[in-house]
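Each chain, written out:
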Amino acid sequence: DGTKVEDAIKYRQSALTTLAWNFGPLGAMAKGDMDYDAEEAAMRAKRVQELAVMPWEGFIEGSLRNDGHGIETAALAKTGDNWDDFEKKQQDFEEEATKLAEVVSNDDDFAALRKQVAATSKTCKNCHDEYRAEN
Ligand code: ASC
């Protein structure tokens, strides 16, 4: 019965999609593609922090690519061979997302926001570069 694996994959994909949706405006503000709005930035950063811990429980046994479930997932099989590193990268992201929420709520400092958006984005990329398929 593949239902549980299918649900776990859908769950983590939707959690990551929700993360990207909420991180998007922060990235756009940091790049100057969107006007800086301290209130929106704080709201988005708080969401990102809370969402950051959520996707990982969806990476259940037998849910990576090539695990024979036939469901589309970008989660490479090598993730399973490097689990400690995968968890370390999750933790790095959670820590940067926590700092992001702090930076944004503590002061109305655009330079600090920009710096922390970049640091957070880097932790997204670190994991994607290693464990997410490009197609
Ligand atoms: C985003 C997003 C990601 C990361 C990544 C960072 O806004 O959706 O997956 O930043 O692009 O390089």
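About the thresholds
- Residues numbered from 1 in each chain as written.
- Predicted model: local features only at pLDDT ≥ 70, side-chain atom pairs only at ≥ 80, totals over all residues.
- Helix = DSSP H or I, 4+ residues; strand = E, 2+ residues; numbered from the N terminus.
- Buried ≥ 20, exposed ≤ 12 C-beta atoms within 10 Å, placed from the backbone.
- Contact = placed C-beta atoms within 7 Å.
- Expected span 1.5 Å × (residues − 1).
- Near = placed C-beta within 6 Å.
- Nonpolar A, V, L, I, M, F, W, Y, C, P; charged D, E, K, R; others polar.
- Core = buried A, V, L, I, M, F, W, Y, C linked by C-beta atoms within 7 Å.

### Section: the overall build of the chain
Step number 1: Along the backbone of the chain there are five helices and zero strands.
Step number 2: Taken from N to C terminus, the helices and strands of the chain fall in the order α-α-α-α-α.
Step number 3: For the chain, the spread of C-alpha atoms along the principal axes amounts to about 50 × 25 × 25 Å.
Step number 4: Expressed as a percentage of the 135 residues in the chain, the buried residues total 26%.
Step number 5: In the chain, once contacts between residues fewer than 6 apart in sequence are set aside, the share between residues at least 24 apart is 69%.

### Some points on helix α1 (residues 3-31)
Step number 1: Taking 1.5 Å as the rise per residue, α1 with 29 residues should run 42 Å; its terminal C-alpha atoms sit 41 Å apart, in good agreement.
Step number 2: Here the buried face of α1 lies against α2 (38-51) and α5 (110-131).
Step number 3: A positive phi of about 85 degrees marks Gly 32, the residue just after α1.

### Topic: the site of the ligand
Step number 1: Neighbouring residues of the ligand: Ala 20, Phe 23, Gly 24, Gly 27, Ser 121, Cys 124 and Lys 125.
Step number 2: If you list the elements that add at least two residues to the shell around the ligand, you get α1 and α5.
Step number 3: No other element matches α1, which puts four residues into the shell around the ligand.
Step number 4: Residues of the shell around the ligand, tallied by class, amount to three nonpolar, three polar and one charged.

### What to know about the nonpolar core
One broad rule of soluble globular proteins: the nonpolar side chains tend to lie buried together.
Step number 1: Ranked by size, the top nonpolar core spans 18 residues in total, and within it Leu 26, Ala 45, Val 48, Leu 100 and Val 104 carry the most contacts.
Step number 2: Elements that contribute at least two residues to this core include exactly α1, α2, α4 (83-106) and α5.
Step number 3: It is α4 that contributes the most residues to this core, six residues altogether.
Step number 4: Not counting chain neighbours up to four residues away, the residues in contact with Leu 100 comprise Ala 45, Val 48, Gln 49, Gln 116, Val 117 and Thr 120.

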